[in-house]
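Reading the structure
Now for the letters of each chain:
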Amino acid sequence: MARMRAVRIVFSVLAVALLVSASASAGTTQFRKLEVFSWWTAGGEAEALTALFDEYYKLHPDVWIVNATVAGGAGSVAKAVLVSRMLGGDPPDTFQVHAGRELIDTWVVAGKMEPLDDLFKAEGWDKVMPGGILDIISYNGHYWSVPVNIHRSNVLWYNKKVFQTYGLKPPRTFDEFFQVADALKARGIIPFVVGSKDGWELGHVFEDVLAGVLGPEAYRGLWTGKTRWTDPRVTQALQTFKRMMTYANSDHSALTWDGAAAYLMEGKGGMLIMGDWTDGWFTAKGFKDYGWAPTPGTAGTFVALSDTFGLPKGIKNRDTVMDWLRLLGSKRGQEAFNPKKGSICARTDCDRSLFNEYLRSAMDDWQKDEIVPSVIHGAAASESWATAFKDTVALFAARGDVAAAQRALQQACEDAGVCR
Amino acid sequence: MQRSTPAWAVAVTLKRSLARRKTSLDRVLAILTLAPSAAAVSLFVYAFIAWTGFVSLTRWRGVIPDYAWAGLRNYVRLFQHERFQTDLRNTVVFTAVFLTGCLVVGFLLAVLLDQRVAGEGLFRTVFLAPMAVSFVVTGVVWRWMLNPGTPETGYVGINLLLDKIGLGLLKSGWYTDPRIGIKAVALAAAWQMSGYVMALYLAGLRGIPEELREAARVDGATEIQIYRRVIIPLLRPITLGAVIVLGHISLKVFDLVAAMTGSGLGFSTDVPAYFMWDTTFRGNNFNQGAAIAVVLLVMVAVLIVPYLIYTMRSEAEI
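The written sequence of each chain sets the order in which its residues are numbered from 1. Chains and ligands are labelled sequentially in the order written, the chains with letters from A and the ligands with numbers from 1. Local features in this predicted model are restricted to residues whose pLDDT is 70 or higher, and side-chain atom pairs enter the listing and the counts only when it is 80 or higher, whereas totals over whole chains, interfaces and linings include all residues. The basis for every side-chain value is the complete set of heavy atoms in the structure, and neither hydrogens nor water enter the calculation.

**Quick word on the overall build of chain A**
Basically, it comes down to this: In DSSP terms, a helix is any run of H or I states spanning at least four residues, a strand is any run of E spanning at least two, and both are numbered starting from the N terminus. Atoms counted for the radius of gyration: C-alpha only. Globule rule: 2.2 Å times the number of residues to the power 0.38. Burial classes: relative accessible area under 20% of the type maximum marks a residue as buried, over 50% as exposed, and values in between as partly exposed (1.4 Å probe, protein chains only). By definition, residues are in contact when any of their heavy atoms lie within 4.5 Å. Per-residue and other accessible areas follow the Shrake-Rupley method at a 1.4 Å probe size, with only the shown protein chains counted as cover for residues. Working convention for charge: Lys and Arg count positive, Asp and Glu count negative, and His plus the chain ends are omitted. Lys charges are placed at NZ, Arg charges at CZ, Asp charges at CG and Glu charges at CD.
Tallying secondary structure elements over chain A gives 18 helices and 14 strands in all. Since a compact globule built from 420 residues should have a radius of gyration of about 22 Å, the 22 Å found for chain A is in line with a globular shape. Each principal axis of the C-alpha distribution contributes one length, and for chain A these read about 75 × 50 × 40 Å. Taken across its 420 residues, chain A has 58% of its residues classed as buried. For chain A, restricting intrachain contacts to residue pairs at least 6 apart in sequence, the fraction spanning at least 24 positions comes to 75%. Looking at chain A as shown, the accessible area adds up to about 16,600 Å², and 52% of this sits on carbon and sulfur atoms. Distance from the positive charge centre (45 side chains) to the negative charge centre (47 side chains) of chain A: 2 Å.

**A short note on the packing of helix α9 (residues 174-186) of chain A against helix α11 (residues 232-245) of chain A**
For any two helices packed against each other, one specifies the inter-axial angle together with the distance between the axes. Residues and elements named next belong to chain A. Rules: Here the axes come from fitting lines to C-alpha atoms, over the contacting stretch only for helices, and the angles between their N-to-C directions go from 0 to 180 degrees. Any angle between 65 and 115 degrees counts as roughly perpendicular, while under 35 counts as roughly parallel, over 145 as roughly antiparallel, and the rest as oblique. Each helix crossing is assigned a hand: it is left-handed if the near helix lies turned anticlockwise from the far helix by less than a right angle, otherwise right-handed if that turn is clockwise. Just so you know the grouping, Ala, Val, Leu, Ile, Met, Phe, Trp, Tyr, Cys and Pro go in nonpolar, Asp, Glu, Lys and Arg go in charged, and all remaining residues, Gly too, go in polar.
Across the interface, α9 lies against α11 with an axial gap of 11 Å and an inter-helix angle of 15 degrees. Between α9 and α11, the angle falls in the class roughly parallel. The way α9 lies across α11 gives a crossing that is left-handed. Across from Phe 174, Phe 177 and Phe 178 in α9, the residues of α11 making contact are Thr 240, Arg 243 and Met 244. Of the residues in the contact of α9 with α11, the class split is 4 nonpolar, 1 polar and 1 charged.

**Describing the packing of aromatic side chains**
Residue and element names in this part refer to chain B. This is how it is decided: Any pair of Phe, Tyr and Trp rings, taking the six-membered ring for Trp, is counted once the centres come within 6.5 Å. Such a pair is stacked with planes under 30 degrees apart, edge-to-face with planes over 60 apart, and tilted for the rest.
Going through the model one piece at a time under the given rule, you end up with 48 aromatic pairs over all chains. Ring centres 5.8 Å apart and planes at 35 degrees place the aromatic pair Trp 51 and Phe 54 in the tilted group. Of this pair, Trp 51 and Phe 54 both sit in helix α1 (residues 7-55), 3 residues apart, which is roughly one turn of the helix. According to the relative accessible area criterion, Trp 51 is partly exposed, its value standing at 38%.

**What to know about the pairing of strand β1 (residues 32-38) of chain A**
Residue and element names in this part refer to chain A. The condition that has to hold: We treat two strands as partners when DSSP finds at least two bridges between them. Seen with its strands pointing away from the viewer, a crossover is right-handed when the path leading from the first strand over the helix to the second is clockwise.
Of all the 7 residues making up β1, 5 are buried; the element is thus mostly covered by neighbouring parts of the structure. As paired strands, β1 and strand β2 (residues 63-69) are joined by 7 bridges and run parallel to one another. Within β2, the position partnered with Ser 38 by the bridge is Thr 69. In this fold, β1 hands off to helix α2 (residues 43-59), which returns the chain to β2; that crossover is right-handed.

**Things to note about the nonpolar core**
Our working rule: Buried Ala, Val, Leu, Ile, Met, Phe, Trp, Tyr and Cys residues form a nonpolar core when they are joined through side-chain atoms within 4.5 Å.
Formed by 124 residues in total, the largest nonpolar core has its most connected members in Phe192(A), Phe206(A), Trp223(A), Trp229(A), Trp324(A), Leu325(A) and Phe389(A). With 11 residues, helix α10 (residues 201-222) of chain A is the largest single contributor of residues to this core. Contacts of Trp223(A), omitting those with residues within four sequence positions, involve Trp229(A), Val375(A), Ala380(A), Ala381(A), Trp385(A), Phe389(A) and Val418(A). Counting 45 residues, the second-largest nonpolar core is a separate cluster that includes Tyr175(B), Met198(B), Leu202(B) and Tyr227(B).

**A word on the pattern of salt bridges**
Residue and element names in this part refer to chain A. Note the cut-off: Definition used for salt bridges: Asp or Glu carboxyl oxygen within 4 Å of a side-chain nitrogen of Lys or Arg.
Taken as a whole and assessed by the stated rule, the structure comprises 42 salt bridges over all chains. For Arg 85, the salt bridge goes to Asp 90, with nearest N and O atoms at 3.5 Å. Residue class for Arg 85 comes out buried when judged on its relative accessible area of 17%. When salt bridges that share partners are traced, they join Arg 32, Asp 62, Glu 123, Asp 319, Asp 323 and Arg 326 into one network.

**What about the sheet that holds strand β7 (residues 151-152) of chain A?**
All names here are of chain A. Pairing in this open sheet of 3 strands is mixed, and the strands run β7-β12-β14 from one edge to the other. Of all the strands in the sheet, just β7 and β14 (370-373) have a single pairing partner and so form its edges. Its contacts with the sheet place α10 against β12 (301-305) and β14, and it is angled at close to 115 degrees to β14.

Everything listed here is a matter of coordinates, which is why it stays silent on function.
Right under this line is the structure:
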């Protein structure tokens, strides 16, 4: 692998040299360029990106790919770099962006993207991708980006050994959750492991609680203005979340989500609510005794987020970008990318045998479940609304004031211009 | 008439005009030398301050600039914002703990070292070393040391140490406890900077002539009285300087918090600079971020400007 990379580097250098000399002597270039902007710099995600590049090189050996990654958790630094480049009139050829409001409100409404309807029609993607995902990449009747994967955010992970030892079953409802939690607590095991150091994790748990209490239809309505944030069911969700947090490890604000997952792995913790990148993490750690279930109340609901790439206006290498997008949406590209990334295909026709047991179950659910957007991961609300939501939940976790939290959630919705 | 001018007078005039020309040449050179940095500073510091101030008065949310006038609305909203109120309280607590910690520990270390102990150089280096470390490194290390652990998974770091030496009663949630979180962060900051205060005080102590102490001793003063009545008052300018330097560090602190705790549970360790970064670069709220930046600037100016005026006056007196 490393050897191949070294060879590639040598070839890239040669390519650049060739490019420079060719354009200098003959005035023509043999190599075309493609700059891909993302924040996939770590472990499996970087490998997945490389796998995509490999497929691209096979199809287009005459293109020189510039891998413009910016390190930083959840793209917090990359997004700032991207903003300055876009506003400075120097957009990357194509960039990673979460499907949904992050894409639409940040870039499409601002008039910085080109629609991709022709591409979707020519490739027939509107037939192989489910409606839920097509909805969140659409705006004003046009498609605006190509989804390369799907992550599920509403997964409850549990330690199988611990559950077997004490004869417990993964909870399907909140009542069962609290019963299981009490049973675990009585055995001196942390019932509910949480890491909240990075600030977004509690919001992640709470959006799953919202989906569980309100159900898919009403949950979706929260982000479109159809469901009111003053609804008594939101009050109930806040109370449920508050009670869940009483079962959490006392040091949660000192841990990131993977630190919490380590408690689960060591058998010191019972349950964890986190997205399905946890599956990739467990696999990387060689841990096999984990089980999964939809978070309480969300059987039949798939809280989704998706990484996508789009076509910014005013770029120089339009044809190489179209080739890239074509690869991203293709079966071949998604099968190369997703098993390494630990996510499932946005298409519904990928080869199941390439994926592990958890991912296969996610593929099944993806086809039959109600798909609703994640807010913490950019799908349901604009960045500023998502930030206000995350802040409110973080404050609520410490203060526990249900009425104040509900007022703040309503206020955030009004600030976003969705509620009145 | 001209003939009657004596040669020495001509020489003097010539020398004077040459000297004058030299001063004006020096002047031109000085201006030429300073001009580029003056231009750069006025652009990259003052123009950007003005720009930030302007943005804080607009409605710019989202990535596309929106210069619609908002007046002071952003500031009103900001001061009503629960997170910002928490931040301001945190800043006050942080500054108090950090300054007190640095000054007390720094002074005590300096007094101890001033006793001409053997191996003074070594001690000086050991106490000063933390200052050479970046706040990011301090943050990561203290994050680990003050990580409380849980009863179910076992204690770690300082809690484990307290347990082992029989002081288990003193165990605490440290930065995970919303009531004291920010103090735990201030503790790490004080660890980093008290060596610096020690160095300042040590230099000051060495500058106080031995005769003064002798005279006080002859008058029958005890050692404690000597420190209270003679030495500490003489060290006042050093204390003031240290307060200024540490004070503006504590108002602007960002890297330590980012590396150690982030916002903490319910913003218990959040500070204005961290909020500014979060709201600007994660939330794309450029107007609110600019308003926080302006408030920060004003806070630092309130501390620094009187000090600048004071030092400029005392320099003029000299």
